[in-house]
Amino acid sequence: MKLRRCALVAVPMALIFGVLVTTPAFAIDTIDVANTGQILANGAAVTTQVTVTCSPQFPGDNVSVRLTLTQAVKHNQITSADSGLIFGVPCDDQPHILALTLVPSPLAFEKGSAFAQATAGGMVPRFSTNEVIELVK
């Protein structure tokens, strides 16, 4: 009788565990901005990295990526920079690192904190992040 009860529990558990183990793991769509940006030419530009990972929604799927940096500078004025759209980042469950250089307007970037907004998608963003990064010389 004990053997039958164990079998009744063990077989369904093995089937459930087998299904969980053989189910493919899909990446979660993520976009991440590096913690720091490197100031170039006395603030005339900043370089930083964005890492994008996404699962394909259909064969050959890709996303467009955009990064915007905003910083409060002299006398509480705001300066910002936009990478524009970077097209064709593949959605293949692998991380893709983009090195971006952004040029601010109307004022130069300064050493300190900046607000980073990164989005990925097509006509409509599929996923995004808002982060504070440190601009360093």
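What you see is a predicted model; the values in this text were computed from it and never measured.

Reading guide: rules and limits
- Residues numbered from 1 in each chain as written.
- Predicted model: local features only at pLDDT ≥ 70, side-chain atom pairs only at ≥ 80, totals over all residues.
- Heavy atoms only, no water.
- Helix = DSSP H or I, 4+ residues; strand = E, 2+ residues; numbered from the N terminus.
- Buried < 20%, exposed > 50% of the residue type's maximum accessible area, 1.4 Å probe, protein only.
- Contact = heavy atoms within 4.5 Å.
- Areas by Shrake-Rupley, 256 points an atom, 1.4 Å probe, with all protein chains shown as cover.
- Core = buried A, V, L, I, M, F, W, Y, C linked by side-chain atoms within 4.5 Å.
- Polar contact = N/O pair within 3.5 Å; in protein donor to acceptor, adjacent residues only side chain to side chain.
- Disulfide = S-S within 2.5 Å.
- Salt bridge = Lys/Arg side-chain N within 4 Å of Asp/Glu carboxyl O.
- pLDDT = per-residue confidence, 0-100.

**Q** Residues and numbers for the overall build of the chain, please.
**A** From N to C terminus, the chain includes one helix and nine strands. Taking all 137 residues of the chain together, the buried fraction comes to 31%. Of the contacts made within the chain by residues no fewer than 6 positions apart, 63% connect residues no fewer than 24 positions apart. Accessible area for the chain stands at about 8,800 Å²; split by element, carbon and sulfur atoms hold 62% of it.

**Q** Pulling in residues and values, what's your account of the nonpolar core?
**A** Ranked by internal contacts, the top residues of the largest apolar core, which has 25 residues, are I31, V50, V52, V63, V65 and L67. Residue assignment for this core shows that the elements contributing at least two residues are β1 (30–33), β3 (45–53), β4 (62–73), β7 (96–102), β8 (112–121) and β9 (125–136). Discounting residues that sit within four places of it in the chain, L67 has contacts with V33, T48, V50, A81, D82, S83, L100, L102, A116, Q117 and A118.

**Q** Talk me through the environment of D93; I want residue IDs and the actual numbers.
**A** Relative to the helices and strands, D93 is located in the loop between β6 (86–90) and β7. Spatially, the C-alpha atoms of D93 and P56 are 7.3 Å apart, while their sequence positions differ by 37 residues. A polar atom in the side chain of D93 sits 2.5 Å from the side chain of S55.

**Q** Break down the state of the cysteines for me, with residues and values.
**A** Applying the stated rule across the entire model yields one disulfide. For C54, the disulfide goes to C91, at an S-S distance of 2.1 Å. In this structure the cystine formed by C54 and C91 twists about its S-S bond by roughly -90°; its chirality is therefore left-handed. Of this pair, C54 sits in the loop between β3 and β4 while C91 sits in the loop between β6 and β7, placing them 37 residues apart in sequence. On the basis of relative accessible area, C54 is assigned to the buried category, the value being 0%.

**Q** So what's going on with the pattern of salt bridges? Which residues, and what values?
**A** Following the criterion strictly, the structure yields four salt bridges and no others. We note a salt bridge from R126 to D29, for which the minimum N-O separation is 3.5 Å. In this pair, R126 is assigned in strand β9 and D29 in the loop between α1 (2–22) and β1, connecting sequence segments 97 residues apart. The class of R126 is partly exposed, set by a relative accessible area of 27%. Relative accessible area serves as the criterion here: at 27%, D29 is assigned to the partly exposed category. Measuring nitrogen to oxygen at the nearest pair gives 2.8 Å for the salt bridge that ties D61 to R126. Taken together, the positions of D61 in the loop between β3 and β4 and R126 in strand β9 put the pair 65 residues apart, joining distant regions of the chain.

**Q** Go over the side chain of Q71 with me, naming the residues and quoting the values.
**A** The topology assignment puts Q71 in strand β4. A polar side-chain atom of Q71 sits 3.3 Å from the main-chain carbonyl oxygen of S113. In contact with Q71, other than residues within four places in its own chain, are Q77, I78, T79, F109, E110, K111, G112, S113, A114 and L135.

**Q** Lay out the confidence of the model for the chain in plain terms, naming residues and giving numbers.
**A** Low pLDDT marks regions whose predicted coordinates should not be analysed in detail. Confidence in the prediction of the chain, expressed as mean pLDDT, is 86, and 80% of residues score 70 or more. Within the model, the stretch residues 5–9 combines pLDDT values under 50 with one contact to residues more than four positions away or in other chains. Note that pLDDT drops below 50 for residues 13–24; the model gives that stretch zero contacts with residues more than four away or on any other chain.

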